[in-house]
Each structure stands twice: as structure tokens, then as C-alpha cells.
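Structural features, examined
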Amino acid sequence: MSKAIIYTTPTCIFCHALMEWLDGEGFEYEQIDVSDPVNHAKAEEALGHPIEGVPVSIVDGQEILGFDRPAFKKIMKAQK
């Protein structure tokens, strides 16, 4: 199964909701806190564009903006 990279901030309720849901689904992810300026700069470099909101997730090279449950479910279904 793929592992997601999720760019988050500590105060983002959608970030926490996404991670809680992914935990319940057993989907692995790495959380990166972009409220830290160094992480923020590295994330923007990796994404190739400014981060205008969080969460931003990368799974198998696909960028998912926000808590987009249907996008994650599509990925999970494809991996079964």
C-alpha cells in the first residue's frame, strides 16, 4: 500500500480530521508540519508551487488538496 506525505499545521482541524480518518483506514502517512519555516520552504520546493492551504497530500505522485475523502478512497480501491 502507498504511503502519503501530508503537509499540515498544528491548528488545522481538517489536517487532524484527515489523519484521524487515515489512521482508522490503516493508511500510512508521514506528517510534515509546514508551520515550521524550514519545512514550509522544503514543501513548496517539493510541490513546485506555494502552499496556499493545508492539508496538502502527495500519494504516488498525485497531489490531493484538503480532506478529499473520495480521492483517498479511489487510491485505496486501486491498491486492492
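Residues numbered from 1 in each chain as written. Predicted model: local features only at pLDDT ≥ 70, side-chain atom pairs only at ≥ 80, totals over all residues. Heavy atoms only, no water.

Some points on unusual backbone geometry
For the bond from Val54 to Pro55, the omega torsion is 0°, close enough to zero to count as cis. If you trace the backbone, Pro55 turns up in the loop between α2 (37–47) and β3 (56–59). The backbone of Asp60 sits at a positive phi, close to 50°, despite the residue not being glycine. Within the element layout of this structure, Asp60 appears in the loop between β3 and β4 (62–65). (Helix = DSSP H or I, 4+ residues; strand = E, 2+ residues; numbered from the N terminus.)

Some remarks on the pairing of strand β1 (residues 4–8)
Most of β1 is tucked away, with four of its five residues classed as buried. Judged from the five bridges that link them, β1 and strand β2 (residues 29–33) form a sheet pairing that is parallel. Bridge pairing in β2 links Thr8 to Asp33. Read as a crossover between parallel neighbours, the route from β1 over helix α1 (residues 13–25) to β2 is right-handed. Of the pairings in the sheet, the one linking β1 to β3 comprises three bridges and is antiparallel in character. Within the sheet, the bridge partner assigned to Ile6 lies in β3 and is Ser57. (Buried < 20%, exposed > 50% of the residue type's maximum accessible area, 1.4 Å probe, protein only. Pairing = 2+ DSSP bridges. Right-handed = clockwise from strand over helix to strand, strands pointing away.)

Things to note about the sheet that holds β3
Pairing within the open sheet is mixed, and its four strands lie in the order β2-β1-β3-β4. The open sheet has two free edges, formed respectively by β2 and β4, since each of these has just one partner strand. For this sheet the average axis-to-axis angle between neighbouring strands, irrespective of direction, equals 20°. Taken strand by strand, α2 contacts β1, β2, β3 and β4, and its axis lies near 130° from that of β1. Here helix α3 (residues 69–79) sits on the sheet and contacts β1, β3 and β4; the angle it forms with β4, its principal contact strand, is near 145°. (Axes fitted to C-alpha atoms, helices over the stretch in contact; angles between N-to-C directions. Contact = heavy atoms within 4.5 Å.)

Describing the environment of Glu28
Counting through the fold element by element, Glu28 comes out in the loop between α1 and β2. Look at Glu28 and you get exposed, because its relative accessible area is 53%. Apart from residues lying up to four places away in sequence, Glu28 is in contact with Ser2, Lys3 and Ala4.

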